[in-house]
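Per-entry structural report
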Amino acid sequence: MDSCTGYGFVNVFGTNESSKTKLDFRSKSKSICMNSQNNDPDQVHSISIVVPRSLTHHANHHVNSVKSDSSINTLSYVESVQSANDSENTQIHVGSAMVAVIGTLAAWTSLKLVNRVRRTRFVKKRTGKRDVAEKLHPKIAQFYDLRSAMWERVWGEHMHHGFYGLNESFDAYKNPQKAQIDMMHQLLSLGDIDALKSKGQLKILDVGCGIGGSVRFLATQLVNATVQGVTLSPEQVKRANEINASKNLNDRAHVSRGDAMELPFDDSTFDVVWSLESAEHFPDKFQFIREAFRVLKPGGTLLMAAWCHRSCPPALSVDDRYVLENVYEKYCVSHMCSLDEFKNYALRAKFRRIETADWTAAVKPFWRDVVKSAVSMKGVKELVSTGIPAIESALAMRHMIEGFNRNTIVFGVMTARKPYSHELEQEDRLLEALTCRSTEN
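To start, this report covers the structure provided alongside it. (Residues numbered from 1 in each chain as written. Predicted model: local features only at pLDDT ≥ 70, side-chain atom pairs only at ≥ 80, totals over all residues. Heavy atoms only, no water.)

**A closer look at the environment of Ser311**
- Within the element layout of this structure, Ser311 appears in the loop between strand S7 (296–309) and helix H8 (318–330).
- On the basis of relative accessible area, Ser311 is assigned to the partly exposed category, the value being 35%.
- Beyond its immediate chain neighbours, meaning those up to four positions away, Ser311 contacts Ser338 and Asp340.
- A distance of 3.2 Å separates a polar atom in the side chain of Ser311 from a polar atom in the side chain of Asp340. (Helix = DSSP H or I, 4+ residues; strand = E, 2+ residues; numbered from the N terminus. Buried < 20%, exposed > 50% of the residue type's maximum accessible area, 1.4 Å probe, protein only. Contact = heavy atoms within 4.5 Å. Polar contact = N/O pair within 3.5 Å; in protein donor to acceptor, adjacent residues only side chain to side chain.)

**Describing the sheet that holds strand S3 (residues 202–207)**
- Here we have seven strands laid out as an open sheet, ordered S5-S4-S3-S6-S7-S9-S8, and mixed in their pairing. Looking along the sheet, the strands with just one partner apiece sit at the ends: strand S5 (253–257) and strand S8 (352–358). Here the strands of the sheet are splayed against their neighbours by 15° on average, with no regard to which way each runs.
- Pairing of S3 with strand S6 (residues 270–276), which is carried by three bridges, proceeds in the parallel orientation. Residue pairing for S6: Leu205 is matched across the bridge by Val273.
- Against the sheet, helix H6 (residues 234–246) contacts strand S4 (225–231) and S5, and its axis sits at roughly 165° relative to S5. (Pairing = 2+ DSSP bridges. Axes fitted to C-alpha atoms, helices over the stretch in contact; angles between N-to-C directions.)

**Some remarks on the side chain of Asp182**
- With respect to the helices, strands and loops of the structure, Asp182 is situated in helix H3 (residues 176–189).
- Owing to a relative accessible area of 15%, Asp182 belongs among the buried residues under this scheme.
- A polar contact of 2.9 Å, which involves the side chain of Asp182, links it to the side chain of Lys174.
- When neighbours within four sequence positions are excluded, Asp182 is seen to be in contact with Phe163 and Lys174.

**Describing the layout of surface pockets**
- Space inside the second largest pocket adds up to approximately 320 Å³.
- The wall of the second largest pocket is formed by 13 residues, among which Gly191, Asp192, Thr301, Arg353 and Arg417 lie closest to the centre.
- Of all the elements in the fold, those that place two or more residues in the lining of the second largest pocket are helix H4 (193–198), S7, S8 and strand S9 (409–417).
- Per-element accounting of the lining of the second largest pocket gives the leading share, three residues, to S9.
- Its residues assigned to classes, the lining of the second largest pocket shows four nonpolar, four polar and five charged. (1 Å grid on protein atoms, 1.4 Å probe; cavity = no way out; pocket = protein on both sides within 12 Å on 5 of 7 lines; lining within 4 Å. Points joined across faces, edges and corners; volume = space filled by probe spheres on them. Nonpolar A, V, L, I, M, F, W, Y, C, P; charged D, E, K, R; others polar.)

**With respect to the packing of aromatic side chains**
- Taken as a whole and judged by the stated rule, the model has 12 aromatic pairs.
- Look at Phe143 and Tyr144: their rings are 5.1 Å apart centre to centre, the planes differ by 80°, and that puts the pair in the edge-to-face class. Just as Phe143 is buried, Tyr144 falls in that class too.
- When the centroid spacing of 5.1 Å and the interplanar angle of 90° are considered together, the rings of Phe293 and Phe351 count as edge-to-face. Linking Phe293 in helix H7 (residues 285–295) with Phe351 in the loop between helix H9 (339–348) and S8, this pair joins segments that are 58 residues apart in sequence. As far as burial versus exposure is concerned, Phe293 and Phe351 are alike and both buried.
- It is Lys203 that lies over the ring of Phe270; its NZ or CZ is 5.7 Å from the centre. (Phe/Tyr/Trp six-rings, centres within 6.5 Å; stacked < 30°, edge-to-face > 60°. Lys NZ or Arg CZ within 6 Å of the ring centre and 35° of its normal.)

**As for the pattern of salt bridges**
- Applying the stated criterion to the full structure yields 16 salt bridges.
- Put simply, Glu157 and Lys247 hold a salt bridge, and the shortest N to O gap is 3.3 Å. With Glu157 in the loop between helix H2 (133–155) and H3 and Lys247 in the loop between H6 and S5, this pair connects stretches of sequence that are 90 residues apart.
- One network of salt bridges, in which partners are shared, links Arg310, Asp319, Asp320 and Arg406. (Salt bridge = Lys/Arg side-chain N within 4 Å of Asp/Glu carboxyl O.)

**A short note on helix H12 (residues 377–386)**
- Those residues of H12 that sit buried are Gly379, Glu382, Leu383 and Thr386. The buried residues of H12 occupy an angular sector of 100° when projected down its axis, which confines them to one face. Away from the buried face of H12 by more than 90 degrees, exposed residues Met377, Lys381, Val384 and Ser385 are located. (Arc of directions from axis to C-beta.)

**Structural notes on a nonpolar patch on the surface**
- A grouping of Val380, Val384, Ile391 and Leu395 is seen on the molecular surface, where their side chains present a nonpolar patch of about 340 Å² in accessible area.
- Where the nonpolar patch is concerned, the elements lending two or more residues are H12 and helix H13 (388–395).
- Relative to the assigned elements, Val384 resides in helix H12. (Patch = residues over 30% accessible without salt bridge, like charges linked within 9 Å, V, L, I, M, F, W, Y side chains within 5 Å. Areas by Shrake-Rupley, 256 points an atom, 1.4 Å probe, with all protein chains shown as cover.)

**Concerning the pairing of S9**
- Extensive coverage of S9 is indicated by the burial of nine of its nine residues.
- Residues Ile409, Phe411, Val413, Thr415 and Arg417 point to one face of S9 and Val410, Gly412, Met414 and Ala416 to the other, with burial holding for every one of them.
- Where S7 and S9 come together, nine bridges link them in antiparallel fashion. In the sheet register, Leu303 faces S9, and the bridge partner there is Thr415.
- Pairing of S8 with S9, which is carried by five bridges, proceeds in the antiparallel orientation. Bridge assignment links Arg352 to a residue of S9, and that residue is Arg417.

**Regarding the nonpolar core**
- Tyr331 and Phe411 are the most contacted members of the largest nonpolar core, which has 62 residues in total.
- The element that contributes the greatest number of residues to this core is H2, accounting for seven residues.
- Excluding residues within four positions of it along the chain, Phe411 makes contact with His161, Met183, Glu277, Ala305, Ala306, Trp307, Ala357, Asp358, Trp359, Thr360, Val363 and Phe404.
- With 32 residues, the next largest nonpolar core counts Val230, Phe286, Ala292 and Val410 among its residues. (Core = buried A, V, L, I, M, F, W, Y, C linked by side-chain atoms within 4.5 Å.)

**Re the pairing of S6**
- Of all seven residues in S6, seven are buried, a share of seventy percent or more.
- Relative to S7, S6 runs parallel, the two sharing six bridges. Bridge assignment links Ser275 to a residue of S7, and that residue is Met304.
- Following the chain from S6 across H7 to the adjacent parallel S7, one finds a crossover that is right-handed. (Right-handed = clockwise from strand over helix to strand, strands pointing away.)

So this is what it looks like as structure tokens:
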């Protein structure tokens, strides 16, 4: 603002105050003058337009208004551009997510296909390779010779599943050692323990007794009993009798080497035949049932628990057979049969009062506890010191877990009674009468 004249001016271009051109609006005519030190038009640096103050105010107001409108328009434009960008980004994210989902599904399908082919090949390779007793028995003996000491140091004297309860009594977080004791209590309760206790001197045979954990349990629970255990493992025989002596039970508990399919005992010797998780190893399970019948006294009881596969039909799938074949290979198991097959074997062997039960739900938590023990510092140390075969067995736990989760593997129990001879004769007469009636009709 020119303080002398009261007129304003706008510097149009340039910044040199010594060279100004003013447009004077005081007269009707416009005059433009070159304000330069040498009056040379070529050296003009700026042009100043001098206008009245009121015009300057209006001009500035108009400019501000234009700026404001321009700012609003610009903001609106930016917002619309941002909205468009957000929409485009959303479409990009949705598209990327769809691509990721499709890619994941494709990868999952490919892995499933590869896994199915691999499992099918493995099953075909293993089919028909079941070992006979002559070949399997040395393997079983070696299997337990190598691992029994390790298992004892990690788990103690019992080498079988724990019982975690059924229905309302189920306790998934029961102490695993207590669960193993409960398993023996549960199996023994199926044999009418009160009746056993009321008898005179009892003789019990434990087939596949390990290092004698259940032998000592039975001798403790039934003080009127003498318990004999048999196993294929020389190392287990030695260790079992050492523990028996240390607990002052060697007069009522003894372990020797013996074959379940050819028991080294006379006919009608025992009141109870007990088999806790050993029958899965026997190549000829029917022969074991017949041997149990032979060595039992009339009125005697068979109590057994074994790894089984599910009932058929439907036929075992490729996945079922893959799990089973891996368990057979890694745990030196001949083969598994269904609980119905065990019942059929018992009937054919002339056992009566046969009862079966599925305790799979009661033992499932056991494998969680086995995994915990295997990955503990103590467990890892024992596995490494025992060697590669023990590590391979530990890694095979995943197949047992999958088998239980798929309901491929069943933990089955069976009790049966050997009838007296007159009971069998009466049964034969009834069957003969029924046969005659059907023939007459």
